[in-house]
Amino acid sequence: MKFTRDTLKSHRSGLHAAQAGTTVLVGMGTCGIAAGAKAAFQTLEKAIADKKLKNVVLKKTGCLGLCFSEPTVEVKNANGSSTVYGNVDAALAERIAVEHLAGGKPLTENVYEQPAADIFNQSASPLKQTRIVLRNCAVINPEIIDEYIARDGYAALEKALFDMTPDDVVKEITDSGLRGRGGAGFPTGRKWQFTKNTPADQKYIVCNADEGDPGAYMDRSVLEGDPHSVLEAMAIAGYTVGASKGFIYIRAEYPLAIERLNTAIAQAKQCGLLGEKILGTEFSFDIELRLGAGAFVCGEETALLTSIEGNRGMPVPRPPFPAVKGLWGKPTVINNVETYAAIPIVLLKGSKWFSRIGTETSKGTKVFAVTGKIKNSGLIEVPMGTTLREIIYNICGGIASGRQFKAAQTGGPSGGCITPEFLDTPIDYESLQAIGSMMGSGGMIIMDEDDCMIDVTKFYLEFTVDESCGKCAPCRIGGRTCYNILDRISKGKGQLDDLQKLKDIGHAMRKASLCGLGQTAPNPFMSTMKYFEEEYRAHIVDKKCAAGKCKEMLTYSIDAEKCVGCTACARRCPVSCIAGEVKKLHVIDQSKCIKCGQCFTACKFDAVKKG
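This report concerns the structure included in the present document. (Residues numbered from 1 in each chain as written. Predicted model: local features only at pLDDT ≥ 70, side-chain atom pairs only at ≥ 80, totals over all residues. Heavy atoms only, no water.)

With respect to the packing of aromatic side chains
Then step 1. Enumeration over the complete set of coordinates arrives at twelve aromatic pairs.
Then step 2. For the pair Y239 and F283, a centre-to-centre distance of 5.9 Å together with 80 degrees between the ring planes defines the contact as edge-to-face. Residue Y239 is located in helix α11 (residues 227–241), and its partner F283 is located in the loop between α12 (255–270) and β7 (286–292); the two are separated by 44 residues in the primary sequence.
Then step 3. When the centroid spacing of 6.3 Å and the interplanar angle of 55 degrees are considered together, the rings of Y556 and F600 count as tilted. Of the two residues, Y556 sits in strand β14 (residues 556–558) while F600 sits in helix α25 (residues 598–602), which places them 44 residues apart along the sequence.
Then step 4. Here Y556 falls in the buried class, since its relative accessible area comes to 5%.
Then step 5. Take F600: its relative accessible area is 36%, and that puts it in the partly exposed class.
Then step 6. An aromatic cluster of three or more residues is present, and its members are Y204, F247 and W328.
Then step 7. In this arrangement the basic side chain of K366 is found over the ring face of F368, its NZ or CZ atom lying 5.5 Å from the centre. (Phe/Tyr/Trp six-rings, centres within 6.5 Å; stacked < 30°, edge-to-face > 60°. Helix = DSSP H or I, 4+ residues; strand = E, 2+ residues; numbered from the N terminus. Buried < 20%, exposed > 50% of the residue type's maximum accessible area, 1.4 Å probe, protein only. Lys NZ or Arg CZ within 6 Å of the ring centre and 35° of its normal.)

What to know about the packing of helix α18 (residues 453–467) against helix α22 (residues 523–531)
Then step 1. Between α18 and α22, whose axes approach to 9 Å, the crossing angle comes to 165 degrees. For the element pair α18 / α22, the angle class is roughly antiparallel. For the pair α18 and α22, the sense of crossing is left-handed. In contact with M453, T457, Y460 and L461 of α18, α22 contributes P524, F525 and T528. (Axes fitted to C-alpha atoms, helices over the stretch in contact; angles between N-to-C directions. Parallel < 35°, antiparallel > 145°, perpendicular 65-115°, else oblique. Left-handed = near helix turned anticlockwise from the far one by under 90°. Contact = heavy atoms within 4.5 Å.)

A short note on the environment of H100
Then step 1. Looking at where H100 falls in the secondary structure, it is placed in helix α4 (residues 90–102).
Then step 2. With a relative accessible area of 7%, H100 lands in the buried category.
Then step 3. A C-alpha to C-alpha distance of 9.8 Å links H100 and T83, two positions 17 residues apart in sequence.
Then step 4. Dropping the residues within four chain positions of it, H100 is found in contact with V75, T83, Y85, R95, K105, P106 and L107.
Then step 5. Here the side chain of H100 touches Y85 through a polar contact of 2.7 Å, side chain to side chain. (Polar contact = N/O pair within 3.5 Å; in protein donor to acceptor, adjacent residues only side chain to side chain.)

Re the sheet that holds strand β12 (residues 416–418)
Then step 1. Taken together, the five strands give an open sheet; going across it, the order is β10-β9-β13-β11-β12, and neighbouring strands pair in mixed fashion. Two strands lie at the open edges of the sheet, namely β10 (378–383) and β12, each paired on one side alone. This sheet shows a mean twist of 35 degrees between the axes of neighbouring strands, independent of strand direction.
Then step 2. Where strand β11 (residues 405–410) meets β12, three bridges bridge the pair, whose relative direction is antiparallel. The residue bridging T410 from the neighbouring strand is G416, located in β12. (Pairing = 2+ DSSP bridges.)

A closer look at helix α9 (residues 188–197)
Count 3.6 residues to each turn of an α-helix, and residues three or four apart come out pointing the same way.
Then step 1. Every buried residue of α9 is accounted for by T188, G189, K191, W192 and T195. For α9, the arc enclosing every buried residue in end-on projection is 160 degrees, short of the 170-degree limit, so these residues lie on one face.
Then step 2. Buried residues in α9 make contact with α8 (166–176), α11, α13 (301–308), β8 (332–336) and α14 (337–349). (Arc of directions from axis to C-beta.)

Looking at the pattern of salt bridges
Then step 1. Evaluation of the coordinates by the stated rule reveals 37 salt bridges.
Then step 2. Here D210 makes a salt bridge to R251, at a shortest N to O gap of 3.5 Å. Within this pair, whereas D210 is found in the loop between β5 (204–209) and α10 (218–225), its partner R251 is found in strand β6 (residues 245–251), the two being separated by 41 residues in sequence.
Then step 3. For D210, a relative accessible area of 6% corresponds to the buried category.
Then step 4. We classify R251 as buried; its relative accessible area is 8%.
Then step 5. A salt bridge links K277 to E282, with the shortest nitrogen-to-oxygen separation between them at 3.0 Å.
Then step 6. Of the residues examined, K277 reaches a relative accessible area of 46% and is grouped as partly exposed.
Then step 7. Exposure remark for E282: the relative accessible area of 67% places this residue in the exposed category.
Then step 8. Each of R5, K9, R12, E158 and D163 takes part in one network of salt bridges that share partners. (Salt bridge = Lys/Arg side-chain N within 4 Å of Asp/Glu carboxyl O.)

Examining the side chain of S229
Then step 1. Mapped onto the elements of the fold, S229 is located in helix α11.
Then step 2. Polar contacts involving the side chain of S229 include one to the main-chain carbonyl oxygen of D226, which spans 2.8 Å.
Then step 3. S229 has contacts with R135, Y148, V222, Y340, A341 and P344, leaving out every residue within four places of it along the chain.

Thoughts on the sheet that holds β6
Then step 1. The parallel open sheet is built from four strands, whose spatial order is β7-β6-β5-β8. The open sheet has two free edges, formed respectively by β7 and β8, since each of these has just one partner strand. Within the sheet, the average angular offset between the axes of one strand and its neighbour, ignoring direction, is 20 degrees.
Then step 2. Here β5 pairs with β6 via six bridges, running parallel. The partner of V206 across the bridge, within β6, is F247.
Then step 3. Of the strands in this sheet, β5 and β8 touch α14, which is tilted by about 95 degrees from β8.

In structure tokens, the structure reads:
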């Protein structure tokens with residue numbers, strides 16, 4: 001059935017009236033499925049059928065955000081109350097069905113609140129999270145379009161087509177203060193205005209879903225949990241700038257997101273919400289997927305457009321910018337997944353509502369994937385201006401294993417470190433830049449005192465060196481040279497003048513590299529040298545890695561007073577470099593030791609020392 005405006009409204013009203021009873025939601029994003037959510041779902045499905053629980057609706061949904069406790073299951077009652085269970089295997093799913101759903105007695109174990117108690121309990125005070133982009137994730141079944149429509153899905157498109165001119169839409173987006181969530185933070189309304197004002201016989205709308213930062217999975221979760229919100233926003237953008245064609249560029253490593261996007265596109269076309277004469281108007285808009293091969297550089301907008309055109313994904317100099325001359329030389333709007341997902345609710349609730357959230361210069365919310373040495377890792381969405389302290393300690397439960405917080409890496413391999421002295425800095429575009437970091441797409445990796453900053457920096461630089469397209473010399477040669485210097489330092493072969501060399505090359509890369517990848521590649525070592533210079537000097541001068549991460553600097557030895565001669569270390573050693581008789585002192589042959597740490601792990605008497 002192809003909807004008109006009237007039939008869509010009537011259909012939505014009917015869906016609202018049909019909602020009742022108990023709903024059981026099983027988080028079946030990639031993370032949940034990998035942890036065993038299918039088994040939990042199948043067990044619940046069978047138990048509900050066997051016990052003939054007619055008022056219980058079981059449905060799959062996207063990631064709930066509680067990634068540390070996957071698989072997760074939420075039991076939502078008709079009165080709005082809910083219980084969230086974590087680490088649900090088949091046995092626990094059976095108990096939930098028997099005791100909670102059939103018996104009416106919620107279980108007391110495996111019940112989780114953090115890091116997102118306020119996601120499910122909006123009366124919680126004070127609210128730590130505000131869900132705008134993730135508003136439908138973990139709420140709807142993303143494979144059923146009616147569930148999206150029931151939550152005012154496609155109402156923003158309807159409003160734009162019938163009640164707003166393209167200029168009205170641009171003004172609303174501009175007034176909202178929404179900035180691109182892909183990293184640069186460029187005002188979305190201005191970008192749309194440029195494309196709208198550029199005359200052309202063909203224009204394009206592109207969604208950048210080439211999420212490639214280590215530890216980042218925000219966009220994947222949105223596409224898996226709420227694909228229609230992105231399709232609707234792209235159609236709105238098409239109407240606004242005069243485009244009839246859109247592309248979603250998504251990496252092929254996201255098969256579930258691709259599958260759900262294809263399903264959503266087919267359903268939207270069937271309902272007359274994509275394709276010819278949308279909602280009976282003269283506006284037509286279609287969307288195709290383009291699969292990327294996983295090159296990090298294709299997250300850069302000009303490289304992405306080049307890849308869509310069928311060429312090798314390499315950046316090109318700007319200006320002209322894609323908004324004026326983009327895909328196949330035509331004006332092109334390109335935004336990322338998170339930016340598009342916010343558009344429908346901005347139009348529905350208005351720019352004033354949206355602009356009240358966040359800070360003076362950074363409006364709205366930001367989704368972060370919080371990983372690393374954090375107690376409750378997961379996906380969170382917080383108002384701009386939330387501090388890192390609130391994210392780590394109030395939402396995510398603090399540092400794992402009780403260790404001390406050392407730093408947070410934001411912005412992925414292009415970002416920098418936030419140290420303890422900046423825990424209370426509001427997280428927004430300007431504040432992060434002021435302390436040498438950046439917002440990036442939303443990956444946030446937490447580190448504790450056991451992490452070596454040289455080791456971490458080397459990891460990020462190795463990533464950008466591997467992912468450099470090689471087109472410009474500053475990135476290609478500068479990155480490799482800096483990596484080699486860091487590698488020397490991590491092996492105890494660095495010199496003090498290496499620090500100045502890193503700074504000089506880093507400044508040159510920032511100024512002379514062609515695209516953002518090369519310009520920001522020095523950020524991790526420039527940032528860590530600024531805040532952890534003593535750690536660099538300890539590696540160079542003292543030849544010591546306090547965290548014990550730089551393998552070549554490690555020495556394992558056996559404490560003569562603690563060794564009982566149990567032989568456990570010698571038996572575990574893979575290169576047989578530990579000698580000693582039973583019940584007598586053992587000794588490590590340092591010339592043969594490969595520093596694998598097996599002896600350290602095997603010793604139950606704390607006799608093997610690492611230093």
